[in-house]
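Spelled out, the chains give:
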Amino acid sequence: MVIFSVYVVNKAGGLIYQYDNYVPRADAEKTFSFPLDLVLKHHDEKVVVSFGQRDGIKVGHAVLSINGADVLGKNTAEGKDILEYLKDSSNYPVSIRFGRARLSSNEKLMLASMFHSLFAIGSQLSPEVGSSGIEMLETDVFKLHCYQTLTGIKFIVLADPRQSGIDALLRKIYEIYSDFALKNPFYSLEMPIRCELFDQNLKGSLEIAEKAGNFGAGS
């Protein structure tokens, strides 16, 4: 089983911690001759496929590397605009690796804030007073699990739909937060968590959860 990532969101909706435990590789690399038979465009500081799907390359995939060198946003490793580089026939044949674009720090901050708002909407839509808010969202490839403490801190785990013991894991992460963040004299409430012991214990707990399936009762 797999646990993909962990998010900690403060009561104001700010992302104060994020850790990617496992990022599935869905890359596709191919050598192209001129002219390129895919349509590419700039999108959010990346170059993505806008038309043409083939050999595992899909619309929405981003250019990750050219000739084995990782790209820098919209530019090649040498600082040249990727679209201009690929218009030049003298640069062919060229090997391009495509894949799911990685979320930037700003995108993660925005998504955390959006989930915070969605959580609040879920509570307001409840036909009963005192709803816990959204505790789980499910897709075909992952489940999002959320545990909110009495003080409003949200602990969010994205995991394989078949992963068991997530309720217990969320409470274990809260315990780690209490022991290694809140008890740290240099930590300020509601601020980003930068604590080596917190990182180490969180990673250890995720490894145990993946291998053993759970910390106890719960799902």
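Now for a look at the structure at hand. (Residues numbered from 1 in each chain as written. Predicted model: local features only at pLDDT ≥ 70, side-chain atom pairs only at ≥ 80, totals over all residues. Heavy atoms only, no water.)

### Some points on the sheet that holds strand β9 (residues 136-138)
So, point 1. What the 5 strands build is an open sheet, ordered β2-β1-β11-β10-β9; its pairing is antiparallel. Each edge of the sheet is formed by a strand with only one pairing partner; in this case those strands are β2 (15-20) and β9. Taken pair by pair, the neighbouring strands of this sheet meet at an average axis angle of 10°, ignoring direction.
So, point 2. Across 5 bridges, the pairing between strand β1 (residues 3-9) and β2 is antiparallel. Bridge pairing in β2 links Ser-5 to Asp-20.
So, point 3. Taken strand by strand, helix α3 (residues 166-182) contacts β1, β10 (143-148) and β11 (154-159), and its axis lies near 135° from that of β11. (Pairing = 2+ DSSP bridges. Helix = DSSP H or I, 4+ residues; strand = E, 2+ residues; numbered from the N terminus. Axes fitted to C-alpha atoms, helices over the stretch in contact; angles between N-to-C directions. Contact = heavy atoms within 4.5 Å.)

### Considering the pattern of salt bridges
So, point 1. Scanning the model with the defined rule gives 10 salt bridges in all.
So, point 2. In this structure, the salt-bridge partner of Arg-54 is Asp-55, at a minimum N-O distance of 3.2 Å.
So, point 3. By relative accessible area, Arg-54 is classed as partly exposed at 29%.
So, point 4. On the accessibility criterion, Asp-55 (53% relative accessible area) is exposed. (Salt bridge = Lys/Arg side-chain N within 4 Å of Asp/Glu carboxyl O. Buried < 20%, exposed > 50% of the residue type's maximum accessible area, 1.4 Å probe, protein only.)

### Some points on helix α2 (residues 105-125)
So, point 1. The end-to-end C-alpha distance of α2 is 30 Å, a good match for the 30 Å that 21 residues give at a rise of 1.5 Å each.
So, point 2. Considering only its buried residues, α2 is in contact with β1, β2, β5 (46-51), β9, β10 and β11. (Expected span 1.5 Å × (residues − 1).)

### Considering helix α4 (residues 196-212)
So, point 1. For α4, built from 17 residues, the straight-helix expectation of 24 Å at 1.5 Å per residue is met to within 8% by its first-to-last C-alpha distance of 24 Å.
So, point 2. Of the residues making up α4, those classed as buried are Phe-198, Leu-202, Ser-205, Leu-206 and Ala-209. Down the axis of α4, the smallest arc covering the buried residues is 100°, so these residues share one side. Away from its buried face by more than 90 degrees, α4 exposes Glu-196, Lys-211 and Ala-212.
So, point 3. The secondary structure elements touched by the buried residues of α4 are β1, β2 and α3. (Arc of directions from axis to C-beta.)

### What to know about the packing of α3 against α4
So, point 1. Closest axis-to-axis distance for the α3/α4 pair is 10 Å, and the angle between their directions is 165°. With respect to α4, the element α3 is oriented roughly antiparallel. The way α3 lies across α4 gives a crossing that is right-handed. Residues Leu-169, Lys-172, Ile-173, Ile-176, Tyr-177 and Phe-180 of α3 touch α4, and the partners they reach there are Leu-197, Phe-198, Asn-201, Leu-202, Ser-205, Leu-206 and Ala-209.
So, point 2. Here the contact of α3 with α4 is composed, by residue class, of 10 nonpolar, 2 polar and 1 charged. (Parallel < 35°, antiparallel > 145°, perpendicular 65-115°, else oblique. Left-handed = near helix turned anticlockwise from the far one by under 90°. Nonpolar A, V, L, I, M, F, W, Y, C, P; charged D, E, K, R; others polar.)

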